[in-house]
Amino acid sequence: MAKEVGFIGMGAMGGPMARRLMAQDYKLTVHDVRPEIVAEWRDLGADVAASPAELGSRVETVLVSLPTPDVVREVALGADGIAQGSMVKTFVDLSTTGPNVAAQVARGLAAKGITAVDAPVSGGVAGARAGSLSVMLAGPKALCDRLTPTLRIIGKNVFYIGPTPGQGQMMKVINNLLSAAALVASCEVMVLGTKFGLDPKVMVDVLNVSSGRNSATEEKIPRAVLPRTFDVGFRTELLHKDVRLCIEQAEQLGVPMWLGQTVRQMWAFAMSQGDGQQDISTIIKHMERWAQVTVGKTD
Ligand code: NAD
């Protein structure tokens, strides 16, 4: 694959992923709606496109890392979208878009001769910086194989999920429902143990070499809750969106999700409290308030 790509959405995840490509001598043409971010990328030496359509007229392969399915649909198929570009052949969606919109976007782009590939990622901002993300690919196998060396720069674990648009997205929303469940369950027990008088640091050390360990006890709680920095780097509104996308699929398929529904309610509650822009680790603050304890550093 040519070492020249377009990149749209230079946010918490897109920024570090694009930097890794640039560090490997990829020539980047970028686009974002935030002028200050665009200026930063111009200073770093990237070309800048004023719209997705313009970007799609300059490069054959476009990678996007955008917040919501609606934004992905607009950037791909909107009046000034990538589909209006004269050069683009491949659209790679690194965002968590969900299977339905992924399939819709793939159909819309196919009508313009552009092939869509799902490539949602997991591993957070730290993983994006370190290049240790997992990437869940769906699309034509030969194309996914051609994209893999490029995607390995951003994620060391690149998985081929299947040929049908949306399959990578389904894998991703399943992962995130589980991760969201692990976070709320772990926060709940950390609050309980602290209320009882256990030392939260000791609790985490025990859990992490015992059967209760998970991505929240291993990373999020020790790194962002105990030091009270609340800086996992993932906004509540985005995780709430991922849980919603997963439950919507379950409902479409008629699959009961007892725990999934409860997890969804927990994140819906956080949204109702105005937490949309807050880091996902702040969910523990509600549980702390109910129990009247603080988990971790208190000074
Ligand atoms: P973000 O909000 O930090 O970044 C999104 C970027 O897209 C921003 O720079 C924003 O200005 C830009 N943008 C928004 N609308 C646009 C438009 N119409 N045209 C061009 N640019 C536009 O979000 P993020 O945390 O980087 O997440 C991006 C995607 O990756 C989401 O789908 C999220 O669910 C997924 N994701 C996030 C994480 C994480 O830990 N943050 C981990 C895995 C996956």
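Structural data are supplied above this passage.
These figures come from a predicted structure and were not determined experimentally.

## Thoughts on the pattern of salt bridges
Okay, step 1: All chains considered together, the criterion is met by eleven salt bridges.
Okay, step 2: With a shortest N-O distance of 2.6 Å, aspartate 70 and arginine 73 are connected by a salt bridge. Remark: arginine 73 and aspartate 70 occur in helix α4 (residues 69-77); sequence separation between them is three residues, near one turn of the helix.
Okay, step 3: Given a relative accessible area of 26%, arginine 73 falls into the partly exposed group.
Okay, step 4: Put simply, lysine 241 and aspartate 242 hold a salt bridge, and the shortest N to O gap is 3.0 Å.
Okay, step 5: Judged by relative accessible area, lysine 241 falls into the buried class, the value being 6%.

## Things to note about the side chain of threonine 29
Okay, step 1: Structurally, threonine 29 can be placed in strand β2 (residues 27-31).
Okay, step 2: A relative accessible area of 2% means that threonine 29 is categorised as buried.
Okay, step 3: Other than its neighbours up to four places away in sequence, threonine 29 contacts Val5, Gly6, Phe7, Asp47, Val48, Ala49, Leu55, Arg58 and Val59.

## Section: helix α12 (residues 258-272)
Okay, step 1: Between its terminal C-alpha atoms α12 stretches 21 Å, which fits the 21 Å expected from 15 residues at 1.5 Å a residue.
Okay, step 2: Every buried residue of α12 is accounted for by Gly260, Val263, Met266, Trp267 and Ala270. On an axial view of α12, the arc spanned by its buried residues comes to 120 degrees, and they lie on one face. Away from its buried face by more than 90 degrees, α12 exposes Trp258, Thr262, Gln265 and Ser272.
Okay, step 3: Looking at the packing, one finds that the buried side of α12 touches α8 (167-196), α11 (236-253) and α13 (283-291).
Okay, step 4: Two residues or fewer past α12, glycine 274 is found with a positive phi of approximately 80 degrees.

About the cut-offs
- Counting restarts for each chain, with residues numbered from 1 along the sequence as it is written.
- Only residues with pLDDT of 70 or above have their local features reported here, since the model is predicted, and side-chain atom pairs are shown and tallied only from 80 upward, although totals for entire chains, interfaces and linings are computed over all residues.
- Heavy atoms from the whole structure form the basis of all side-chain values; hydrogens and water molecules are not counted.
- We define a salt bridge as a contact between a side-chain nitrogen of Lys or Arg and a carboxyl oxygen of Asp or Glu at a distance within 4 Å.
- Helix and strand labels come from DSSP, where a helix needs a run of H or I of at least four residues and a strand needs a run of E of at least two; each type is numbered from the N terminus.
- Type-normalised accessible area, obtained with a 1.4 Å probe on protein chains alone, sets the label of each residue: buried when under 20%, exposed when over 50%, and partly exposed for intermediate values.
- Between two residues, a contact is recorded if the distance between any of their heavy atoms is within 4.5 Å.
- Each helix should span, by expectation, one fewer than its residue count multiplied by 1.5 Å.
- This arc is built from the directions going out from the helix axis to the C-beta atoms.

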